[in-house]
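# Working through the structure, step by step
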Amino acid sequence: MFQYRDATDADFPVIASFPQNEDEAFYMYPKSTYPLTAEQLRLAAADRSSLTVITDSESVIGYGNLYEINVGEDCWIGNVIVPPSSRGSGAVEGQVTL
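Rules used throughout
Residue indices begin from 1 for each chain and proceed along its sequence in written order. The model is predicted, so local features are restricted to residues of pLDDT at least 70 and side-chain atom pairs to those at 80 or more, both for listing and for counting; the totals for chains, interfaces and linings are taken over all residues. Note: side-chain values were computed over all heavy atoms of the structure, leaving out hydrogens and water. Centres within 6.5 Å are what make two rings of Phe, Tyr or Trp a pair, Trp counting through its six-membered ring; a difference in plane orientation under 30 degrees is then read as stacked, over 60 as edge-to-face, and the rest as tilted. The secondary structure listing takes helices from DSSP runs of H or I that are at least 4 residues long and strands from runs of E that are at least 2 residues long, numbered from the N terminus. Relative accessible area decides the class of each residue, using a 1.4 Å probe on protein chains only: under 20% of the type maximum gives buried, over 50% gives exposed, and in between gives partly exposed. The rule for a charge over a ring is simple: NZ of Lys or CZ of Arg within 6 Å of the ring centre, and within 35 degrees of the ring normal. Here a salt bridge means any side-chain nitrogen of Lys or Arg lying within 4 Å of a carboxyl oxygen belonging to Asp or Glu. Any two residues whose heavy atoms approach within 4.5 Å at even a single point are treated as in contact.

Within the structure shown, the criterion is met by three aromatic pairs. Note on Phe12 and Tyr63: the rings are 6.1 Å apart at their centroids and 90° apart in plane angle, and the pair reads as edge-to-face. Note that Phe12 is positioned in helix α1 (residues 12-16) and Tyr63 in strand β3 (residues 59-70), a separation of 51 residues in sequence. Residue Phe12 shares its accessibility class with Tyr63, and that shared class is buried. Arranged with centres 5.6 Å apart and planes meeting at 75°, the rings of Phe26 and Tyr27 form a pair that is edge-to-face. Overall, the relative accessible area of 44% leaves Phe26 in the partly exposed class. We classify Tyr27 as exposed; its relative accessible area is 69%. Residue placement shows Arg48 over the ring face of Tyr67; its charged tip is 4.0 Å from the ring centre.

Written as structure tokens, this is what we have:
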């Protein structure tokens, strides 16, 4: 059963392993260099909000965050990634309400 929680600094090494090549790293975080590192994610997170991981049986299987938030109007969803083993599982579906 999928759950979500706030991402912690300890999650970044796991999340950094999700992109499997340069293209995936680019689509997740265009300013990054491949291979993605936990430190690159920490730096990106400093300018983001709602850092969120999706878990399945305590294992982190997804990550995303929000930026350029205009409450009641719009925002951007960024750095979304799911590891290959969890893609197609329905882990990243839903709606964001500000």
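Back to the text.
On to the pattern of salt bridges, then. All chains considered together, the criterion is met by four salt bridges. As a salt-bridge pair, Asp9 and Arg42 come within 2.4 Å of each other at their nearest N and O atoms. In this pair, Asp9 is assigned in the loop between β1 (2-6) and α1 and Arg42 in helix α3 (residues 38-45), connecting sequence segments 33 residues apart. The class of Arg42 is partly exposed, set by a relative accessible area of 29%. Across the pair Glu24 and Arg87 runs a salt bridge whose closest N-O atoms are separated by 2.9 Å. Of this pair, Glu24 sits in helix α2 (residues 22-28) while Arg87 sits in the segment after β4 (74-81), and the two are 63 residues apart along the sequence. For Arg87, a relative accessible area of 38% puts it in the partly exposed group. Bridged by salt links that share partners, the residues Asp9, Glu39 and Arg42 form one connected network.

Structurally, Asn65 is set in strand β3. Taking relative accessible area as the criterion, Asn65 reaches 2% and is therefore assigned buried. When neighbours within four sequence positions are excluded, Asn65 is seen to be in contact with Arg48, Ser49, Ser50, Leu51, Trp76, Ile77, Gly78 and Asn79.

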